[in-house]
Structure formats: structure tokens, C-alpha cells
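Next come the chains, spelled out residue by residue.
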Amino acid sequence: MSSLEEPLGLDKLPSLSTIDLSRRFSSNRCSTSGEDSGLGYCWIEGKTCGSLNSYKEDFKEYRREAFIWRHHKRENTHNESENRYPSKHTTNHQQNLYCNDTGPRDITNKIFKGMPSHVRIVEVGPRDGLQNEKNMVPTSVKIELIHRLVSSGLSVVEATSFVSPKWVPQLADAKDVVEAVKNIDGARLPVLTPNLKGFEAAVAAGAKEIAVFASASESFSKANINCTIEESLARYRDIINSSKKLDIPVRGYVSCVVGCPVEGAISPSKVAYVAKQLHEMGCMEISLGDTIGIGTPGTVIPMLEAVMEVVPVEKLAVHFHDTYGQSLPNILVSLQMGISVVDSSVAGLGGCPYAKGASGNVATEDVVYMLHGLGIKTNVDLRKVLQTGDFICKYLGRPSGSKVAVAYKM
Amino acid sequence: MSSLEEPLGMDKLPSLSTVDLFHRFSSNGCSTSGVERCWVEGNTSTSSNDDKADFEYVQGVFAWRHHARDTPQNGNHAAYRNQCDSRHLASRQHNSYCNDVGLQNITNMIFKGIPKYVKIVEVGARDGLQNEKNMVPTSVKIELIQRLVSTGLSVVEATAFVSPKWVPQLADAREVIEALKNMDTTRLPVLVPNLKGLEAAVAAGAKEIAIFASASESFSKSNINCTIEESFSRYRAVVNAATKLNIRVRGYVSCVIGCPVEGMIFPSKVAHVAKELYDMGCSEISLGDTIGIGTPGTVISMLGAVMSVVPVEKLAVHFHDTYGQSLPNILVSLQMGISIVDSSIAGLGGCPYAKGASGNVATEDVVYMLHGLGIQTNVDLGKLLQTG
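Rules used throughout
- Residues numbered from 1 in each chain as written.
- Chains lettered and ligands numbered in written order.
- Predicted model: local features only at pLDDT ≥ 70, side-chain atom pairs only at ≥ 80, totals over all residues.
- Heavy atoms only, no water.
- UniProt positions renumbered as here; feature names shortened; annotations may be inferred.
- Buried < 20%, exposed > 50% of the residue type's maximum accessible area, 1.4 Å probe, protein only.
- Helix = DSSP H or I, 4+ residues; strand = E, 2+ residues; numbered from the N terminus.
- Arc of directions from axis to C-beta.
- Contact = heavy atoms within 4.5 Å.
- Core = buried A, V, L, I, M, F, W, Y, C linked by side-chain atoms within 4.5 Å.
- Phe/Tyr/Trp six-rings, centres within 6.5 Å; stacked < 30°, edge-to-face > 60°.
- Lys NZ or Arg CZ within 6 Å of the ring centre and 35° of its normal.
- Salt bridge = Lys/Arg side-chain N within 4 Å of Asp/Glu carboxyl O.

- An unreviewed UniProt entry lists chain A under the name hydroxymethylglutaryl-CoA lyase, with Helianthus annuus given as the organism.
- UniProt lists a comment for chain A under the heading Catalytic activity (unreviewed entry), and it reads "(3S)-3-hydroxy-3-methylglutaryl-CoA = acetoacetate + acetyl-CoA".
- As its UniProt record puts it under Pathway (unreviewed entry), chain A is described as follows: "Metabolic intermediate metabolism; (S)-3-hydroxy-3-methylglutaryl-CoA degradation; acetoacetate from (S)-3-hydroxy-3-methylglutaryl-CoA: step 1/1."

**Looking at helix α9 (residues 195-204) of chain B**
Residue and element names in this part refer to chain B.
Point 1. Every buried residue of α9 is accounted for by Gly197, Leu198, Ala201 and Ala204. Taken around the axis of α9, the buried residues stretch over an arc of 130 degrees, which confines them to a single face. Away from the buried face of α9 by more than 90 degrees, exposed residues Lys196, Glu199 and Ala203 are located.
Point 2. Where α9 is buried, its residues meet α8 (173-180), β4 (190-191), β5 (208-214) and α11 (228-244).
Point 3. Following α9 by one or two positions, glycine 205 has its phi on the positive side, about 110 degrees.

**Observations regarding the nonpolar core**
Point 1. Grouped together as the largest cluster of nonpolar side chains are 220 residues, with contacts concentrated most on Val254, Leu278 and Leu288 of chain A together with Val253, Leu277 and Leu287 of chain B.
Point 2. When residues no more than four places from it in sequence are discounted, the contact partners of valine 253 of chain B are Ala213, Ser214, Ala215, Val270, Val273, Ala274, Leu277, Ile285, Ser286, Leu287 and Gly288 of chain B.

**A short note on the packing of aromatic side chains**
Point 1. Applying the stated rule across the entire model yields 5 aromatic pairs over all chains.
Point 2. When the centroid spacing of 4.9 Å and the interplanar angle of 20 degrees are considered together, the rings of tyrosine 324 of chain A and tyrosine 368 of chain B count as stacked. Of this pair, tyrosine 324 of chain A sits in the loop between β10 (316-320) and α13 (327-336) while tyrosine 368 of chain B is found in helix α15 (residues 363-372), placing the two residues in two different chains.
Point 3. The class of tyrosine 368 of chain B is buried, set by a relative accessible area of 6%.
Point 4. Geometrically, the ring pair formed by tyrosine 369 of chain A and tyrosine 323 of chain B is stacked, given 4.9 Å between the ring centres and 20 degrees between the ring planes. Taken together, the residues span two chains, with tyrosine 369 of chain A in helix α14 (residues 364-373) and tyrosine 323 of chain B in the loop between β10 (315-319) and α14 (326-335). An identical accessibility class is assigned to tyrosine 369 of chain A and tyrosine 323 of chain B; each is buried.
Point 5. Aromatic rings pair up to connect Tyr369 and Tyr408 of chain A together with Tyr323 of chain B into one cluster.
Point 6. The residue whose ring lies beneath arginine 148 of chain A is phenylalanine 391 of chain A, and the NZ or CZ to ring-centre distance is 4.3 Å.
Point 7. The residue whose ring lies beneath arginine 251 of chain A is tyrosine 253 of chain A, and the NZ or CZ to ring-centre distance is 5.2 Å.

**Some details on the environment of valine 342 of chain A**
Residue and element names in this part refer to chain A.
Point 1. Tracing the backbone through its elements, the reader meets valine 342 in strand β11 (residues 341-344).
Point 2. C-alpha separation for the pair valine 342 and phenylalanine 320, spaced 22 residues apart in sequence, amounts to 8.5 Å.
Point 3. Residues contacting valine 342, with those up to four places away along its chain left out, are Val119, Arg120, Ile121, Val122, Val318, Ile331 and Val367.

**Side note on the pattern of salt bridges**
Point 1. Under the defined criterion, the tally for this structure stands at 23 salt bridges over all chains.
Point 2. Between arginine 187 of chain B and glutamate 208 of chain B there is a salt bridge; the shortest N-O distance is 2.7 Å. Placement of arginine 187 of chain B in the loop between α8 and β4 and of glutamate 208 of chain B in strand β5 is noted, with a sequence separation of 21 residues between them.
Point 3. Among the charged side chains, a network of salt bridges with common partners joins Arg120, Arg251, Glu285 and Asp343 of chain A.

**Concerning unusual backbone geometry**
The general pattern is negative phi for most residues beyond glycine and trans for most peptide bonds.
Residue and element names in this part refer to chain A.
Point 1. Located in the positive-phi region is asparagine 226, a residue other than glycine, with phi close to 60 degrees.
Point 2. You can see asparagine 226 is positioned in the loop between α9 (218-225) and α10 (229-245).
Point 3. One non-glycine residue, cysteine 256, adopts positive backbone phi at about 55 degrees.
Point 4. Along the chain, cysteine 256 falls in the loop between β6 (250-255) and β7 (259-260).
Point 5. We classify cysteine 256 as buried; its relative accessible area is 0%.

Below, the structure written as C-alpha cells:
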């Protein structure tokens, strides 16, 4: 008779620190030492080690059948340039020995079809993440944060915002930050500019990419930037006219794409209208933000449908907040719709100022974990992002907002 | 020139507490003053307003949900359950915003196969509480279960009949079951590890039991001190005895994605264990990602294997949120046709493996997502939040 009569949970197992767990499951741990008693399957990268063991046949079959779609994707060799991805989408399952029934195979084909093989993460931690921090973060810490994020492979890191220090004292050092980071290679470092004055300051500091911020909600627009949607669009047309002359690309944000705390539901047609305006005036990318995090796949899909009718999907990004825990499923359906750019914030920096203790931005670590688990390439080294999150959270003196980071900590 | 030159966040907006936000967005908060579309239930107030376009939005967007709502939502749970002949959400019939057939196909594909109704199996009272260090009084457990039942949850795992030496928190299993045995409309399964546990459960008045096997040999040996095959022998005896007493048996499979000792677990192994449990007489098999490392990619492979040997309507998913992946995993499971989801009120039941790491997925978050998708659960989210 068993002495342990109950599923007791993992505290009764041989003690394995979470670091060990991480190593066990990380791609870098794939050893070729032959003392592999297991399969060395790498959860994070979705790769497999070359060494086999006694489960040889099972392993081969499993890898082939479970990840056949990923192997097809990997035939498209990874290029440095993010512009060259000949085959954007994952291919269907060719066969699956576990699915003799056509049902599950058809279903899995449907779920994966249309998902991009590569997703670009736009890291917003240094700006969107830090801007509401009460305690001033020194310029040197901000600069180091940006350096670390870039070195983790993130190709777009929103660096700061050129706004009045009266309103956002945390980012009063925008000029110093940009001057220090403007020559970093291998990453784009957009900065937010709310008006021409901010734009000029950004250019003077050396910024090479800017971002503008409109709303799909009239009420939110008035409360947040003190003007109507149309007035904001007129303002941004001026900015973009100037930026075009200087060859400075512009990213457009649309806020409240699912709901507004004042107006409630925001109709997809309104979101599509604002997105279209930003696209037509010259924004090279439009980031759709669920500002209060209330979206679920049921509301995100109609919104994306409406926007995708008027803006090409490759110009769209999604910016979900995790306030109601819905950001990852929302990102997942966005990928299924063909979206391939996702905004996130290291360690989930940037709480919801609206509800004390509520989470805000989705954590980059959690997003990367999911994407890699799906076999989607990001060029991001998850471990380095975890270390970066650790760095900034230690400085801020509080736990990470990333579940992956918490799970990995000893 | 604007005086606010920056998107400042909502601290500059009229102050709305989260409770207000919730009421605004909950079905109970639907006022009749406008198109107060209810986020949570996906219902709409019947009153229309001047803004026809908005109303069309609601109709157009949720046309498929209106199809799903043909069956009544409230009232007798048992009757409702049996009425779900058409299990799945109808494909989108039309969408006034979407003239693009390609887009319509994509969204149809995403929604198609998702069940119209999902049964939530609430595990907070057992899986949630069992590792609590401080003893929770029996009266509190009983009240928790009663409150959970009153939210509309139709299955609430009540306790476990195990040695108090190992799980002192659940030493009061008998008292809990005896206090609840007149609850007729709700299923209250209890975990039993062996025949002895079954006998104690039956003596206390339990009408449904659950047994717990693993897809990982190492985890099986560490957790229940026997091999997987030995556990099957044990459980066959339990299931045979239970079946003679007309007691339904739920089977759990743990480590369906990965094991902290062995690493990756093959889908074929999971399918083997699930099939054994199903063949021996379990009415439902709950597939548990015990350490929460699964992502949609690995979950789909696992489900594909299991679904080729066990009918999908007999399967449930039990994800842990340790790496934040439980909701996307649930979502793809729904897309695969799964219609039973385990969750725990307030996310009770941390991961004993990593301090501070989360464990069970929170019922509130699951219900929020399901309702947002227009999937019916019979659960009142407001009451659920109060119970949490």
C-alpha cells in the first residue's frame, strides 16, 4: 500500500531549485555530453538536443510529429534583417502519427495557420513602464536598462518621451537619455513626442524615430491630451510632415481600442477610423492599445477585423494590458489573425494607475515564453531579459510583474 | 496647445474605482440608459439608443453569440446542460464591419469549434486549500463550498480522503462532506487515493470521487510512491468498487507537459495514461500541467494525442499559471474542442515548488475570458468575486 496517499505537490520531490528547472528547460542547457539521461528537450526555444537516448524511436516520432510545422518554418533560415522573412507563416501539419483521426489534425492546422513565424517585440519598459514611477529613477539606471534590453536581442526599445517635465517628471531627463543611447547599434529607439515642440527637442537630442499617441475614445482624448481626436490628428499631421523631411519614421499609438473608462465600449469602426488616419498620414506602424485591459479574445477579434480592413496587418501592433489577466490570450488570437508585432514591458513595468495593485503592461518575459513555446522566433534571449527584469526590479525595490520571472527566481 | 502633452495614464481621469469599473462592465451593471454593452456577460441591454451604429456593432459582432444564446442561461443547471445539443458556437453569420471574406474566414476559423458552454470544475476547496500552512476551520471550508455553489458552479471539488499525516489541512474531510451531503444540484467530488479512502468517502456520504495518476514515472513514484502501472491496478479496484455503488469517478493525469524530474513528457505517454483511466471507467479525465510550463504549442500536441484515444467531451484541462500561460493554454484547448476547465477561486493553491510563484489558474480570470468570448458558464462573476 502506498505510504503517500495523496498528490502532495512538488515540495515532496527531490529539491530542484527553479534555476535548475530553468536550465533543464532552457535551450542553452542542451548538452551534448552523452550523460543525457533525458531528452534535453528545450522548452524555451522549442529546440531539441541532438543526443538521443533509449526513447529513440518515440523521441524521433514525437519531435517530428509534434513540431513538423516548426521544422518547416526553420527551413526559412533566420536572417539578420527583420525585413527578409520569405515565408511569414507557419505551415500546416503534414502528418501526425498521434492523430489518426483527421479531427485533431485539422484543428491543429487551423490553430497554427496564419500565425507568423517571427514576431517583433516592441519593448516599452523604459518609457511606458517607468513613466508613472513615483520615485525618480536616475538617468544612469535608465540608460543601463536600455543597454541591457538591447543586448537581450530586443530590436525596438522605446527609450523615453519628450513631454513637459511638469506633467511627467520621471522623464525630464529625456534629452540626456537619448544623447547617451542614440548610437547604440542594432536597435531602434523610438521616443514619444506629443507635439511639435517635443518633436524638435527629440530631434535636437539625436532621436531617430518618434511615436505619436491618439485615442479611439473622445473622452479619453480630451482627458488625456486635452483635445479632441480630430485636433490631435491635425497636430500629428504637422509633426509627421516635419519628420518626413528629416527621414524620421513615426509610430502611431491608438489607445482605448476595446473600452474606455468613461465611455465604456468603443466601437471597432472608431478604432479603424483613427488607425486609418494615422496610417494615411504616414505612420509606419500603428500600435493598438487596450488601455484599461478589459479586452478578451471575443472583443479583440472584432476590433482587429475592423482595423485590418483599412490598415495592412503587417503595419499593425498590439499593446495589451494585463489588468484582467487577458493579455496573453489576446496576443494569441492576434497572432492567429496575422499580427506580428507585440508591445510588452520588461517585468511588466507600468502598473495600472487606475486601480491600486492592478497589473498594467504585459510582461515581456511572459510574452517571449509563450512565443518561443509556439516555435515563433523573436531573436530575444529570454534569460537576458530575465536578468534585465531582475536588475530593474531590484532597483525599484519590488517583485517582478512577470510570472516567468517569479517562477525562475530561487 | 494642449496642456497635457503626454499620455499620462488614467490617474488623470475621473476617478473610477475598480468596483465601479466592474459594475460598469458587468451584466448586473447594465443600465438602460444607453448601449451599455456588458463586457462580462456579453449581454446587451435591450434598450437601444440614438446611436444605431453602435447597436449594429453589438449585433454584428455578437451575431454568433446570439446563436449560442438560444439555450436559456439561468435556472436549472441540469436541464440546461442537457440542452446543449449544438455544442459549438455557430460560425460568424455576418459582420457589418467586415466585408473582407479573407478576414471573415480567419475569424470563423478562430471561433469555430469553440464550445458554446464550458463547465468549470472548481478545485479551490481541495487543490487550493490543501497546501495552506495555517489550518482553515471546517466551518470556513463549508461556507466556501456553499458560496461557490451559489455562484452557479456545477462541480466543486470538496476535499480529499487521505491520511491526515500527509495532508493535515484536509483531516476534516468527513465533517465537510457530511455537512454538504444534501446539496443535490451540485457535484462535489472528493479525491481518494485508494480503497480505504473510497470507503471513508462513501461512509461520509460522498457521491463522486476522483483518482490521480501521472504521466511521469518519476512523479508517480515520488508523489504516490508507486509506478504508473501499479497505480492503475490500485485504481481499477477503486473504480470497480465505486461503479458498483453508482459513484462517478473523475480521473486526473498529472505532468501532462513536463515533469520537474524527467523534463518533457511525451504526448503518447499522456494519451496512454488517459486511455487507461478512461477504459477502466472514469467518466471524465482532467489533464494537468502540474508545473505550469506548457504553452499553446506543447498543449496542442498533447491534446492532439489524447483526443485520438479519448473522446474530447470526456476531457478537461487543468492548467497552472506558474509561467502565466494558463489562459492562452485554455484558449487553444477550447479551440481544440475542450469544454471542461478546472480552476481555483482566487487562484488558491500556489506552486509549492517556487516561492511566490502562482499555481492554479484563477476561476475569476477564466470566467472573465469565457464570458468575453460569449461562452456560457452559468457562473455569476460578481458572486464569484465576493467568494474570492
